[in-house]
Amino acid sequence: MEMPKFSGDVKLYSRFKEDFNKFVKPATHTDQLAFTLRQCLSGESLRVVVPAEDDVNKIWQRLDERYGTRSKLVDVVIGDLVKHRVVKEGDDRKLVKFIDLVEAS
């Protein structure tokens, strides 16, 4: 089984956190939890937790503040929808893309 990964996409944060706590945390010794959590992070999300060092609670706090608020998720989803161009009647490809975007959000 591969470890869950998170690089900073707000839309994927809640799934990452749920998977980590459900599958990784129970199988990891408490002393190794912060290290293991950092191993699952990359890019921006890893940079966000650097100041927390080896305190797993501080790591989660920093991640929650940056990625876990509903307002940030709503902002990202609305931004994605606004960026999407108007779908003209008869443009089925754009309609399908728009539907996929809404479902993914």
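Keep in mind that what you see is a predicted model, and the values were worked out from it rather than measured.

### Section: helix H4 (residues 56-67)
So, point 1. Here H4 is 12 residues long and its end C-alpha atoms lie 16 Å apart, about the 16 Å a rise of 1.5 Å per residue gives.
So, point 2. Every buried residue of H4 is accounted for by Val56, Ile59, Trp60, Leu63 and Tyr67. Seen from one end, H4 has its buried residues packed into an arc of 95°, which puts them on one side.
So, point 3. Looking at the buried side of H4, the elements it contacts are helix H1 (10-24), helix H2 (33-39) and helix H3 (43-49).

### Examining the pattern of salt bridges
So, point 1. Counted under the stated rule, the structure contains 5 salt bridges.
So, point 2. The salt bridge involving Arg38 is made with Asp54; its shortest N-O contact spans 2.9 Å. Of this pair, Arg38 sits in helix H2 while Asp54 sits in the loop between H3 and H4, and the two are 16 residues apart along the sequence.
So, point 3. For Asp54, a relative accessible area of 60% corresponds to the exposed category.

### Overview of the nonpolar core
So, point 1. Membership of the largest hydrophobic core comes to 19 residues, with the highest contact counts inside it found for Phe16, Phe20, Trp60 and Leu63.
So, point 2. Of all elements in the fold, only H1, H2, H3 and H4 reach the threshold of two or more residues within this core.
So, point 3. Those residues within four positions of Phe16 in sequence are excluded, and the remaining contacts are Pro4, Lys5, Phe6, Leu37, Cys40, Leu41 and Trp60.

### A short note on the side chain of Thr28
So, point 1. As for its placement among the helices and strands, Thr28 is situated in the loop between H1 and H2.
So, point 2. On the basis of relative accessibility, which here comes to 17%, the residue Thr28 falls in the buried class.
So, point 3. There is a polar contact of 2.7 Å between the side chain of Thr28 and the backbone oxygen of Val24.
So, point 4. Not counting residues within four places of it along the chain, the set of residues in contact with Thr28 comprises Leu33 and Thr36.

### A few points about unusual backbone geometry
So, point 1. Not every positive phi belongs to a glycine, and Glu53 is a case in point at roughly 55°.
So, point 2. Position of Glu53 among the secondary structure elements: in the loop between H3 and H4.

### Digging into a positive patch on the surface
So, point 1. Together, Arg85, Lys88, Arg93, Lys94 and Lys97 make up a region of like positive charge exposed at the surface.
So, point 2. By the secondary structure assignment, Lys94 is in helix H6 (residues 92-104).

### Things to note about the packing of aromatic side chains
So, point 1. Evaluated as defined, the whole model comprises 7 aromatic pairs.
So, point 2. On the numbers, 6.2 Å between centres and 40° between planes, the contact of Phe16 with Phe20 is tilted. A residue pair is termed a helical-turn pair when its members lie 3 or 4 positions apart in one helix, as Phe16 and Phe20 do in helix H1 at 4 residues. Accessibility assignment for this pair places Phe16 and Phe20 in one class, buried.
So, point 3. Chaining the aromatic ring pairs together yields one cluster made of Phe6, Tyr13, Phe16, Phe20, Trp60 and Tyr67.

The rules behind the values
Residues numbered from 1 in each chain as written. Predicted model: local features only at pLDDT ≥ 70, side-chain atom pairs only at ≥ 80, totals over all residues. Heavy atoms only, no water. Helix = DSSP H or I, 4+ residues; strand = E, 2+ residues; numbered from the N terminus. Expected span 1.5 Å × (residues − 1). Buried < 20%, exposed > 50% of the residue type's maximum accessible area, 1.4 Å probe, protein only. Arc of directions from axis to C-beta. Contact = heavy atoms within 4.5 Å. Salt bridge = Lys/Arg side-chain N within 4 Å of Asp/Glu carboxyl O. Core = buried A, V, L, I, M, F, W, Y, C linked by side-chain atoms within 4.5 Å. Polar contact = N/O pair within 3.5 Å; in protein donor to acceptor, adjacent residues only side chain to side chain. Patch = residues over 30% accessible without salt bridge, like charges linked within 9 Å, V, L, I, M, F, W, Y side chains within 5 Å. Areas by Shrake-Rupley, 256 points an atom, 1.4 Å probe, with all protein chains shown as cover. Lys, Arg positive; Asp, Glu negative; His and termini not counted. Charge placed at Lys NZ, Arg CZ, Asp CG, Glu CD. Phe/Tyr/Trp six-rings, centres within 6.5 Å; stacked < 30°, edge-to-face > 60°.

Purely geometric numbers; function is a separate question.
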